[in-house]
Amino acid sequence: MRALIPVFVVLAATGCSRGPGTDALKGGVGERIAQALPPATVTLTSFARRGSQSDTKAPAGETRRIIYFDADLKLERDFDFGAWDA
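Remember, predicted model here, so these are calculated numbers, not experimental data.

1. Some remarks on the nonpolar core
Okay, step 1: L25, V29, I33, L37, V42, L44, F47 and I67 form the largest nonpolar core, which has eight residues in total.
Okay, step 2: In contact with V42, other than residues within four places in its own chain, are I33, L37, L73, K74, L75 and E76.

Right under this line is the structure:
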């Protein structure tokens, strides 16, 4: 069993290498937050990539990946999220 642990670690690391790196992904999420909300509303306090998979609904001839991540956001000031559709 001990001999299999390094194999699983290598396989897990290999599976996570598809798609953008963690820094690029975090930057993209930060940009989307900045586009969606007024400045100084929300801060991205932590970010962790959790894996990826092929997008089975991608158009023919196109390769897409779905990236899973956990993000913690901190609300910096009062904001009425219910008013988005108003």
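2. What to know about the packing of aromatic side chains
Okay, step 1: Summed over all chains, the structure comprises two aromatic pairs.
Okay, step 2: Residues F47 and F69 carry aromatic rings whose centres are separated by 5.0 Å and whose planes lie at 25 degrees to one another, so their mutual orientation is stacked. Taken as a pair, F47 in strand β1 (residues 42–54) and F69 in strand β2 (residues 65–75) lie far apart in primary sequence, 22 residues in all.
Okay, step 3: Taking 4.9 Å as the distance between ring centres and 70 degrees as the angle between the ring planes, the aromatic pair formed by F79 and F81 counts as edge-to-face.

3. Some thoughts on unusual backbone geometry
Okay, step 1: Even without being a glycine, A40 presents a positive backbone phi close to 60 degrees.
Okay, step 2: Assignment of secondary structure puts A40 in the loop between α2 (22–36) and β1.

4. So, α2
Okay, step 1: Compared with an ideal rise of 1.5 Å per residue, which puts 15 residues at 21 Å, α2 spans 21 Å between its outermost C-alpha atoms and is within 8% of the ideal.
Okay, step 2: Those residues of α2 not exposed but buried are L25, V29 and I33. Along α2, the residues classed as buried sweep out an arc of 80 degrees about the axis, all on the same side. Residues of α2 that are exposed and point over 90 degrees away from its buried face: D23, A24, E31, A34 and Q35.
Okay, step 3: The secondary structure elements touched by the buried residues of α2 are β1 and β2.

5. Quick word on the pattern of salt bridges
Okay, step 1: Counted by the stated rule, this structure contains two salt bridges.
Okay, step 2: We note a salt bridge from R50 to D70, for which the minimum N-O separation is 2.7 Å. Taken together, the residues R50 in strand β1 and D70 in strand β2 connect sequence positions 20 residues apart.
Okay, step 3: Judged by its relative accessible area of 53%, R50 falls in the exposed class.
Okay, step 4: Look at D70 and you get partly exposed, because its relative accessible area is 40%.
Okay, step 5: Where R64 meets E62, a salt bridge forms, and the shortest distance between an N and an O atom there is 2.6 Å.

Basis of the calculations
- Each residue is numbered by its place in its chain's sequence as written, counting from 1.
- It should be noted that, the model being predicted, local features are given only for residues of pLDDT at least 70 and side-chain atom pairs only at 80 or more, the latter also being counted only at that level, while totals for whole chains, interfaces and linings use all residues.
- Only heavy atoms go into the side-chain values, all of them from the structure, while hydrogens and water stay out.
- Nine residue types can take part in a nonpolar core, namely buried Ala, Val, Leu, Ile, Met, Phe, Trp, Tyr and Cys, and a core is a set of them joined through side-chain atoms within 4.5 Å.
- Throughout, exposure labels follow a simple rule: accessible area from a 1.4 Å probe, protein chains only, divided by the maximum for the residue type, with under 20% read as buried, over 50% as exposed, and the rest as partly exposed.
- The contact criterion used throughout is that any non-hydrogen atoms of two residues lie within 4.5 Å.
- Between the rings of Phe, Tyr and Trp (Trp by its six-membered ring), a pair exists once the centres lie within 6.5 Å; its type follows the angle of the planes, with under 30 degrees stacked, over 60 edge-to-face, and the other angles tilted.
- Secondary structure follows DSSP: runs of H or I at least 4 residues long count as helices, runs of E at least 2 residues long count as strands, and numbering of each begins at the N terminus.
- Here the expected span of a helix is defined as 1.5 Å times the quantity of residues minus one.
- Throughout, the arc means the angular range of directions from the helix axis out to the C-beta atoms.
- Any carboxyl oxygen of Asp or Glu within 4 Å of a side-chain nitrogen of Lys or Arg constitutes a salt bridge here.

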